[in-house]
Amino acid sequence: MGRKAQSAIVGSGATPYYFRGESAPQAVLELIDKAVLAAVADAGLHIDDVDGLAFFAFGFDTGMIIEQLGLKNVTFAHCVSAFGGGMAGMLDLADMAVSTGRARNVVCIGATQQVGRRVGQALGNFAASPDNIFHRIAGLNGPGQALALSARRHMHEFGTRREAFAEVVMASRAAAATRETAFRRKPLSMDEYMAAPMLADPMCKFDFCLETDGALAFVVTAADRARDRPQPPVYIAGAAQHGSCDWGRAFFWLGQTPEAFVSAGGVKVAERLYQLTGMTPADIDVACLYDHFSPLVIMQLEDFGFCARGEGGPFVESGAIRLDGAIPVNPHGGHLSEAYVVGMTHIREAVEQLRGTAVNQVQGARTALVTGGPAPTPMTAAILRSEP
Amino acid sequence: MRLSITPDFAALEIARDAWSEPFWQWGEQGEVRMPACLHCGAFRWPAGPFCPSCRTQEVEWRPTGQARIHTFTILPISGEATKVRMPTLVEFDDAPGVRLVSVLVDADPDTVAIGMPVAIDWIAASNGKVAVFRTEATGDRA
């Protein structure tokens, strides 16, 4: 394997997950405060030990968080640009901060609260601009509607079947069945899938993820100090970020290159991540892939090299992403079945898998891939490992 | 039979800037034109301030030729059993690299296919005209 890890996740904390809007009257910062305090406690640290904050997707009111938690000595507070695509890049910021001495204990924070707004209609939430006027003309109000255009194109170019989308959802439901934290725990049959109404043909309602509220936080510290903490360290083998005009604003503009259009935008970040860590897809034991929409899981499996471009459909239909398959995907049920907190639950699952405490434990899991969401660039991804 | 609707754009306010303005001006004349770089010839879309290929600013607005469906989706309309909305991405034979986000009108979703040629139609918005597309077969009907 490549370079030695420089940092590790030593604390993991979360609020309960709530159905869309039901976390009120707590404010989103209250949810964040709770997750941070839980993560710090899990790390066996005191809140005064926190001297760094890392965010993505425009972050939160840093000053307010510092005030509410009474932080007195924050020497690093930074945010990955992009939307959900920046999620895993937050670990890169934390890794940089603790490995260069800019901070000792960085808390990575992500949250969502959908009161009076819906992530599923995110494209309609912006003020009119010379660019987004075209989405309005088309009637593309949400990411799912826009990504259905890519899903159809993937079917057209590669013969991908709706049965493959169904398998992604069914595998997710099968995993969620045993999860107390999951909203959709009832197993799904192919017949039920095929009978569901289309929301954006070729995507039916089951291809769309949940819309939920919650906050999660993770404490990252330098690798050489990680073993002093009570929990088994989950090392950041590497985290990568990549932006390119080939993918650009993705579904916000739909001007990707023809190759990128039928991808999840992760090809370059995957290349960079594998190069950085000296690892390959064959070294990954669990894949926690950002599953806002089921076809995008198939495209990410291709982007990250678990199968060739265009073969993602047959690959998932073969059972490869089940718990006992070639590459177990989202054993926590992911966004499709457990909860949606902008990818943060995927880091939590990776941590639990590598601590050996996951509800659906992949036997002997030592490495986990975590991806940011296929969304406007930069795209990010990370590999976590149980050994440095 | 299901049919895709023609949305009502009467109240739609088209946001424009200096670079996108010619697109809407050509639209008033019933033509889709796209900006090509005066230096390297590459089309760019959106009509931004720089050519992503050579960083030149100046463009000329060129005719785009036959439009074709690159992909599309079918959106249900609440309370309507036979009406749908059909967002589409259209490409142009003479403007490689450009993809226009629009809507297919009067189309039968069961017969629409990727690669189909489509005809342009223009619908009035509050401050300009919007380019929409119809499959040529149903276009003849009108």
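For the structure itself, consult the block above.
Residue indices begin from 1 for each chain and proceed along its sequence in written order. Lettering of chains starts at A and numbering of ligands starts at 1, both following the order in which they are written. It should be noted that, the model being predicted, local features are given only for residues of pLDDT at least 70 and side-chain atom pairs only at 80 or more, the latter also being counted only at that level, while totals for whole chains, interfaces and linings use all residues. With hydrogens and water set aside, each side-chain value is computed from the structure's full complement of heavy atoms.

Each helix and strand counted, chain A has 14 helices and 12 strands in total. Throughout, radius of gyration means the C-alpha value; the globule benchmark is 2.2 Å times the number of residues raised to the power 0.38. Relative to a compact globule of 388 residues, whose C-alpha radius of gyration would be 21 Å, chain A shows 19 Å and is just as compact. Relative to its 388 residues, chain A shows a buried fraction of 63%. Look at the contacts in chain A between residues 6 or more apart in sequence, and 75% of them connect residues 24 or more apart. A helix here means a DSSP run of H or I that spans at least four residues, while a strand means a run of E at least two residues long, and both kinds are numbered starting from the N terminus. When accessible area is computed with a 1.4 Å probe and restricted to protein chains, residues below 20% of their type maximum are described as buried, those above 50% as exposed, and intermediate ones as partly exposed. Pairs of residues are marked as contacts when any of their non-hydrogen atoms sit within 4.5 Å.

Where interface size is given, it is often the accessible area lost as the parts come together that is meant. Contact residues are listed per partner, giving 30 residues for chain A and 30 residues for chain B. Together chain A and chain B conceal approximately 2500 Å² of surface at their shared face, both sides included; 68% is due to carbon and sulfur atoms. We define a salt bridge as a contact between a side-chain nitrogen of Lys or Arg and a carboxyl oxygen of Asp or Glu at a distance within 4 Å. Taken together, chain A and chain B are joined by 0 salt bridges. Among the elements of the structure, helix 4 (133-138), helix 5 (143-158), strand 6 (198-200) and helix 9 (258-261) of chain A are those that each provide at least two residues to the side of chain A that touches chain B. Defined here as a combined quantity, buried area equals the accessible surface (1.4 Å probe) lost by two parts on assembly, summed across both.

The next point concerns helix 2 (residues 62-69) of chain A. Under the rule applied, a polar contact is a pair of N or O atoms within 3.5 Å (in protein, one hydrogen donor and one hydrogen acceptor; residues adjacent in sequence only if both atoms are side-chain atoms). The opening residue of helix 2 of chain A, the one whose side-chain oxygen lies 3.2 Å from the backbone nitrogen of Gly63 of chain A, is Asp61 of chain A. Immediately downstream of helix 2 of chain A, the backbone of Gly70 of chain A shows phi near 65 degrees, a positive value.

It is worth spelling out the layout of surface pockets at this point. In the cavity and pocket records, a cavity denotes points on a 1 Å grid over the protein atoms alone where a 1.4 Å probe fits but cannot get out, a pocket denotes an open set with protein on both sides within 12 Å along at least 5 of 7 lines, and lining residues are residues with an atom within 4 Å of a point. Grid points are joined across faces, edges and corners, and a volume is the space filled by probe spheres set on the points. Looking at the second largest pocket, its volume works out to about 690 Å³. Lining the second largest pocket are 28 residues, with Cys245 and Gly255 of chain A together with Trp45, Pro52 and Gly97 of chain B sitting closest to its centre. The classification used treats Ala, Val, Leu, Ile, Met, Phe, Trp, Tyr, Cys and Pro as nonpolar, Asp, Glu, Lys and Arg as charged, and all other residues, Gly among them, as polar. Grouping the constituent residues of the lining of the second largest pocket by class yields 16 nonpolar, 7 polar and 5 charged.

The subject of this paragraph is the state of the cysteines. A pair of sulfur atoms, both from cysteines and within 2.5 Å, is called a disulfide here. Summed over the entire model, instances satisfying the criterion amount to 0 disulfides over all chains. The thiol sulfur of Cys40 of chain B is not disulfide-bonded, and the nearest other cysteine sulfur, from Cys51 of chain B, lies at 3.7 Å.

On to empty space enclosed by the protein. Residues and elements named next belong to chain A. Inspection of every chain in the model, using the stated rule, returns 3 cavities of 30 Å³ or more. Taken together, Val168, Ala171, Ser172, Asp291, Val297, Ile321, Val329, Asn330 and Leu336 make up the full set of residues lining the largest cavity. Top contributing element to the lining of the largest cavity by residue count: helix 6 (residues 162-176), with 3 residues. Grouping the amino acids of the lining of the largest cavity by side-chain chemistry returns 6 nonpolar, 2 polar and 1 charged.

Attention now moves to the environment of Met87 of chain A. In this fold, Met87 of chain A is placed in the loop between strand 4 (76-80) and helix 3 (89-99). In the structure, Met87 of chain A is positioned 257 residues away from Met344 of chain A in sequence and 7.3 Å away in space, judged by C-alpha atoms.

Ring pairs shown here join Phe, Tyr and Trp side chains whose ring centres sit within 6.5 Å, with only the six-membered ring taken for Trp; geometry is labelled stacked below 30 degrees between planes, edge-to-face above 60, and tilted in between. Summed over all chains, the structure comprises 17 aromatic pairs over all chains. Ring geometry for Phe126 of chain A versus Phe252 of chain A: centroids 5.8 Å apart, planes at 70 degrees, classification edge-to-face. On the criterion of sequence distance, the pair formed by Phe126 of chain A in the loop between strand 5 (105-112) and helix 4 and Phe252 of chain A in the loop between strand 9 (234-242) and helix 9 is long-range, its members being 126 residues apart. Under the relative-accessibility criterion, Phe252 of chain A is labelled buried at 18%. Feature note: the residues Phe58, Phe83, Phe126, Phe251 and Phe252 of chain A constitute an aromatic cluster, connected by ring pairs. Charges are assigned to positions over rings by a cutoff of 6 Å between ring centre and Lys NZ or Arg CZ, combined with an angular limit of 35 degrees from the ring normal. Positioned over the ring face of Phe43 of chain B is Arg62 of chain B, at 5.9 Å from the centre of the ring.

Attention shifts here to the nonpolar core. Nonpolar side chains in soluble globular proteins generally cluster together in the buried interior. For the purposes of this section, nonpolar cores are sets of buried Ala, Val, Leu, Ile, Met, Phe, Trp, Tyr and Cys residues that join through side-chain atoms within 4.5 Å. Counting 150 residues, the largest nonpolar core has Ile9, Leu91, Phe134, Leu301 and Phe306 of chain A together with Phe92 of chain B as its most contacted members. With 7 residues, the top contributor of residues to this core is helix 6 of chain A. In contact with Leu91 of chain A, not counting residues within four places along its chain, are Ile9, Cys108, Val220, Ile236, Ala239, Ile347, Ala382 and Leu384 of chain A. Of all hydrophobic cores here, the second largest spans 29 residues; its members include Ala5, Ala8, Ala215 and Tyr235 of chain A.

Note that the residue after Ala24 of chain A, namely Pro25 of chain A, is joined by a cis bond; omega there is 10 degrees. Tracing the chain through its elements places Pro25 of chain A in the loop between strand 2 (18-19) and helix 1 (28-42). Going from Trp45 of chain B to Pro46 of chain B, the amide bond is cis rather than trans, its omega being 10 degrees. Note that Pro46 of chain B resides in the loop between strand 2 (33-37) and strand 3 (59-63). Non-glycine residue Ala82 of chain A carries a positive phi angle of around 80 degrees.

A separate point is the pairing of strand 5 of chain A. Residue and element names in this part refer to chain A. Within strand 5, 8 of the 8 residues are buried, which leaves the element mostly enclosed by the surrounding structure. By definition, two strands form a pair when at least two bridges between them are found by DSSP. As judged from the 8 bridges shared by strand 5 and strand 8 (residues 212-222), these two strands associate in the antiparallel manner. Note that in strand 8 the partner of Val107 across the bridge is Val219.

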